[in-house]
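# Summary of structural features
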Amino acid sequence: MGGTGRLKVAHLNIRSLNTGFEEMCSFVRDFDFDAIGISETWLHPGTPSDNYQMTGYTLLRCDRRADLHGIADAVTGGGVALYIKEGISFEQHTLTEDVGPGIESLCVVLRIRGVRLGLCVVYRPPHVRISSTYRRRIEASRRELRRQVRRDPGVFAVLRYLANLSLEDLEFEDLDDSWTENEEEVRRATENWLGLPTPPRRLKMMLETKTPPATYQQQLTHAWNSQDCSENIYFKPKCPLTCFRSLPTGASDAVRGKVGFNQGIHFWAIQWPIELRGFHPMVGVATKDAPLKSEGINAIVGSNDQSWGWNLETLTLRHICNMGADYPAVIPSDEFEVPESFGVVLDMHEGTLGFVMHLYGETRYLGHAFTGLRGKVLFPIISTSSVPCQITMTYIGGLDSEPRSLMELCRTVVIQSIGNVHLEDKVQKLYLPRKIAEYLLDHP
């Protein structure tokens with residue numbers, strides 16, 4: 001693992017182990033990799049492994065099989081392999097469904113210092129056409145391996161692909177385009193048994209009324225604090241709502257928001273690209289005394305009694321170094337992962353912290369993550385070890401702790417009853433006195 005405690009993993013398209021084996025061995029010795037994936041080994045099932053063993057490493061192979069390609073000379077190329085350094089515990093995982101005809105893949109789950117790392121080597125030959133079915137299988141295999149590394153509670157899980165694929169292979173965002181109307185109905189019906197809780201009353205009010213979102217100046221006021229962060233976090237003048245991290249340090253870094261909250265309910269959005277989360281991506285709240293840096297790749301948020309956080313990768317809560325309950329308590333599906341954008345809700349009147357995201361076409365509250373937060377001054381916070389990394393926080397708005405006026409409550413009930421889509425048309429059909437109609441439509 002090396003003195004820094006970092007895991008060194010590489011991928012090499014070798015185009016024949018027969019001719020490139022010695023050069024590969026020299027390459028591995030120079031960089032002391034913990035694991036290296038090889039594509040285009042050009043080995044076939046009858047080739048013995050003895051000539052390709054590397055001292056100090058275990059060799060795993062997945063050779064090309066002509067019967068899977070349907071062409072007579074297909075066995076002369078392709079194939080993938082994986083070398084894993086001795087002393088690293090691993091288990092090979094066979095996907096329940098082939099990635100696709102003509103695709104070679106090899107999957108393992110490594111266990112290193114309490115971390116489960118899913119590692120998959122994939123090779124797509126040039127003659128294999130990219131299709132929606134192929135992309136769906138690639139995505140299904142990724143999710144299956146992610147479920148495999150998440151199966152043990154309390155262990156951190158991460159997934160990495162070592163792949164000889166094009167960017168076109170990995171465009172997962174288009175997968176939903178091929179859904180049929182019936183499949184969409186099934187998807188929406190799923191929400192009946194998700195068990196997700198109803199949003200707190202005050203949050204529901206804030207989401208359903210026509211309260212305008214925070215102005216850009218208010219967003220700047222509530223943005224990340226460039227003076228209250230680790231030295232490895234930096235900002236760009238043109239992106240004041242986004243923090244960046246680009247230097248590999250072998251440590252974790254954190255940043256707090258500018259404004260702390262001790263009353264009212266507050267709602268802000270986090271935008272954190274999935275591919276830039278790395279180890280221990282934590283989101284939550286913290287006091288002014290919570291640390292902002294750690295030695296080694298550890299989760300900072302939740303490391304003591306001054307912060308409360310949610311691990312976006314393991315879907316677990318953390319406080320005082322303890323990995324708490326799964327969150328959300330009911331995961332919508334085995335394939336569930338936190339999307340790039342989601343909301344954070346801090347209710348200092350009730351003393352709760354929760355999260356909101358868009359599921360099945362609607363905004364869903366995932367439930368209380370933490371309670372008992374009353375009486376504190378809490379700031380938004382994130383911590384990360386990912387390089388590169390960029391995380392944007394956008395303050396949406398809030399409500400004071402004081403009781404709302406009777407007029408406000410009546411307006412909320414009316415809008416909840418008739419719905420806020422095409423609100424002006426609906427209000428006109430009620431034939432209300434002009435002043436009441438204006439209040440319903442114009443009052444923030």
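For the structure itself, look to the data block above.
Let me begin by describing the structure that accompanies this report. Sequence order sets the numbering: in each chain, residues are counted from 1 along the sequence as written. Only residues with pLDDT of 70 or above have their local features reported here, since the model is predicted, and side-chain atom pairs are shown and tallied only from 80 upward, although totals for entire chains, interfaces and linings are computed over all residues. The side-chain values count all of the structure's non-hydrogen atoms but skip hydrogen atoms and water molecules.

## Description of unusual backbone geometry
Note the cis peptide between tyrosine 327 and proline 328, where omega equals 0°. Mapped onto the elements of the fold, proline 328 is located in the loop between β18 (322-326) and β19 (341-347). At the junction of valine 387 and proline 388, the peptide bond is cis and its omega measures out at -5° in the coordinates. Locating proline 388 in the fold gives a position in the loop between β22 (379-384) and β23 (389-399). A positive phi is found at serine 16, a non-glycine position, where the angle reads about 105°. Tracing the chain through its elements places serine 16 in the loop between β1 (9-13) and α1 (17-31). Of note in the backbone geometry, tryptophan 42 takes a positive phi value of approximately 65° without being a glycine. Strands here are runs of E lasting at least two residues and helices are runs of H or I lasting at least four, both read from the DSSP assignment and numbered beginning at the N terminus.

## Examining the packing of aromatic side chains
When two rings of Phe, Tyr or Trp (its six-membered ring) have centres within 6.5 Å they constitute a pair, described as stacked for plane angles under 30 degrees, edge-to-face for angles over 60, and tilted for the intermediate range. Applying the stated criterion across every chain, the model contains 12 aromatic pairs. Measuring from ring centre to ring centre gives 5.1 Å for tryptophan 310 and tyrosine 327, while their planes differ by 85°; the resulting arrangement is edge-to-face. Placement of the pair is tryptophan 310 in strand β16 (residues 307-311) and tyrosine 327 in the loop between β18 and β19, with a sequence separation of 17 residues. Ring geometry for tryptophan 310 and phenylalanine 355: centres 4.7 Å apart, planes at 50°, overall tilted. Taken together, the residues span a long stretch of sequence, with tryptophan 310 in strand β16 and phenylalanine 355 in strand β20 (residues 352-359) at a distance of 45 residues. When a residue's accessible area, from a 1.4 Å probe over protein chains only, is under 20% of the maximum for its type it is buried; when over 50% it is exposed; and in between it is partly exposed. Since its relative accessible area comes to 0%, phenylalanine 355 is described here as buried. Members of the aromatic cluster, joined through ring pairs, are Trp310, Tyr327, Phe342 and Phe355. Distance and angle both matter: a charge sits over a ring if NZ of Lys or CZ of Arg is within 6 Å of the ring centre and within 35 degrees of the ring normal. The ring of phenylalanine 379 carries lysine 288 above its face, with NZ or CZ at 5.0 Å from the centroid.

## Looking at the pairing of strand β14 (residues 282-286)
Counting buried positions over the 5 residues of β14 gives 5, a clear majority of the element. Burial along β14 is two-sided: Met282, Gly284 and Ala286 and Val283 and Val285, pointing in opposite directions, are all buried. Of the strand pairs in this sheet, β14 and β16 are connected by 5 bridges, and their pairing is antiparallel. Residue pairing for β16: valine 283 is matched across the bridge by tryptophan 310. We treat two strands as partners when DSSP finds at least two bridges between them. Pairing of β14 with β22, which is carried by 5 bridges, proceeds in the antiparallel orientation.

## A short note on the nonpolar core
Definition used in this section: a nonpolar core is a set of buried Ala, Val, Leu, Ile, Met, Phe, Trp, Tyr and Cys residues joined via side-chain atoms within 4.5 Å. The biggest cluster of nonpolar side chains holds 38 residues, and the ones touching the most others in it are Trp268, Ile270, Val283, Trp310, Phe342, Leu346 and Phe355. Elements supplying a minimum of two residues to this core: β9 (224-229), β13 (265-271), β14, β16, β19, β20, β21 (362-370) and β23. Aside from chain neighbours lying at most four places away, what touches tryptophan 310 is Pro281, Met282, Val283, Leu315, Thr316, Leu317, Tyr327, Pro328, Val338, Phe355, Met357 and Leu366. Residue contacts follow a heavy-atom distance rule, with two residues in contact if any of their heavy atoms lie within 4.5 Å.

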